[in-house]
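# Analysis of the macromolecular model
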Amino acid sequence: TIGLMIAIPLLISRQIRIVVDNQRLRENLEVKVEERTEALASAMEEMRHMAYHDALTGLPNRYLFARLFQDALYRAEASEGQVGLFFIDIDHFKKINDTYGHRVGDQLIIDVTTRLQKKLPPNTVISRQGGDEFVVLLFDVEQEDEVIQCGEQLVSLFEQPFHHGIISLPVTASIGGAIYPAHAASRSDLIEQADLAMYEAKRRGKNQFYLHDVSTTPI
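### Notes on the overall build of the protein chain
On a plain count of helices and strands, the protein chain comes out with six helices and seven strands. Element order for the protein chain, N to C, with α for helix and β for strand: α-α-β-α-α-β-β-α-β-β-β-α-β. Per-residue burial over the protein chain gives 37% buried out of 219 residues. When contacts within the protein chain are restricted to residue pairs at least 6 apart in sequence, those whose partners lie at least 24 apart make up 65%. Carbon and sulfur atoms make up 54% of the accessible area of the protein chain, which amounts to about 13,400 Å² in all.

### Points about the packing of aromatic side chains
Per the stated rule, a full pass over the model turns up four aromatic pairs. Sitting over the ring of F162, R115 keeps its end group 3.7 Å from the ring centre.

### Observations concerning the sheet that holds strand 3 (residues 133–141)
Sheet strands pair via backbone hydrogen bonds, and the direction of the pair is either parallel or antiparallel. Ordered by their spatial adjacency, five strands build an open sheet running 2-3-1-6-7, and the pairing between neighbours is mixed. Two strands lie at the open edges of the sheet, namely strand 2 (124–130) and strand 7 (208–211), each paired on one side alone. In this sheet, adjacent strand axes meet at a mean angle of 20° when their direction is disregarded. For strand 2 and strand 3, the ladder comprises six bridges, and the chain directions are antiparallel. Bridge pairing in strand 3 places T124 opposite L138. Strand contacts of helix 4 (residues 102–119): strand 1 (82–90), strand 2 and strand 3, with the helix running at about 10° to strand 3, the strand carrying the most contacts.

### Let's talk about the pattern of salt bridges
Inspection of the entire model under this criterion finds seven salt bridges. Notably, a salt bridge pairs K202 with D89, separated by 2.8 Å at the nearest N-O pair. Linking K202 in helix 6 (residues 187–203) with D89 in strand 1, this pair joins segments that are 113 residues apart in sequence. Considered together, K202 and D89 belong to a single accessibility category, that of buried residues.

### As for the pairing of strand 2
Among the seven residues in strand 2, six count as buried, and that is most of the element. Counting the residues in the hairpin turn of strand 2 and strand 3 gives two residues, including G131, whose phi is positive at 60°.

### Remarks on the layout of surface pockets
Estimates place the volume of the largest pocket at around 150 Å³. Taken together, D91, H92, K95, I96, T99, Y100, S168, L169, P170, V171 and T172 make up the lining of the largest pocket. Elements supplying a minimum of two residues to the lining of the largest pocket: helix 3 (93–100) and strand 5 (167–169). No other element matches helix 3, which puts four residues into the lining of the largest pocket. Among the residues forming the lining of the largest pocket, the class breakdown is five nonpolar, four polar and two charged.

Conventions we followed
Residues numbered from 1 in each chain as written. Predicted model: local features only at pLDDT ≥ 70, side-chain atom pairs only at ≥ 80, totals over all residues. Heavy atoms only, no water. Helix = DSSP H or I, 4+ residues; strand = E, 2+ residues; numbered from the N terminus. Buried < 20%, exposed > 50% of the residue type's maximum accessible area, 1.4 Å probe, protein only. Contact = heavy atoms within 4.5 Å. Areas by Shrake-Rupley, 256 points an atom, 1.4 Å probe, with all protein chains shown as cover. Phe/Tyr/Trp six-rings, centres within 6.5 Å; stacked < 30°, edge-to-face > 60°. Lys NZ or Arg CZ within 6 Å of the ring centre and 35° of its normal. Pairing = 2+ DSSP bridges. Axes fitted to C-alpha atoms, helices over the stretch in contact; angles between N-to-C directions. Salt bridge = Lys/Arg side-chain N within 4 Å of Asp/Glu carboxyl O. 1 Å grid on protein atoms, 1.4 Å probe; cavity = no way out; pocket = protein on both sides within 12 Å on 5 of 7 lines; lining within 4 Å. Points joined across faces, edges and corners; volume = space filled by probe spheres on them. Nonpolar A, V, L, I, M, F, W, Y, C, P; charged D, E, K, R; others polar.

In structure tokens, the structure reads:
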């Protein structure tokens, strides 16, 4: 009887310890599962972002920009509105890379991106197409003058030099623009016309905006 009186509390105590230990194991397992689930979700989100955004600037890449571009054209068609498209090419970018190195060139691309994001109106989408080429989509446009004003604003954003440490980089850009549906009836045609307009801006001496099929005063 005495042995049982001693053994039973010990058995009960042991069972309690087992239950408590099992509960701690379950809690630790639940925490680890939750942590791994959150890590997996974060990794998936990062992968989705990488799939749709430029690695250097974080801007929409070609694929995402094409989707946003097509959505803007659908809205313009439904509302009988307009869409402006701008091609931006940094003048003499190769010379900057050759003179100061690709690290300075990459930082310049980042700084150009920051300036575009801060200064352009909210109804724009900016995308880096690669190298020193950017495209800007101006959507929900009612008047052609809005496109012209945006093109001139883009040129003015390069009036102040960019800086990398003590290095001052006077940078200009050649910018071409085209308007849907005035200059093209499809996305591919609008891209082509804006691209041609950008090369016309370069041909005219760079550091200016040229709107397809419209005579503009060089800036």
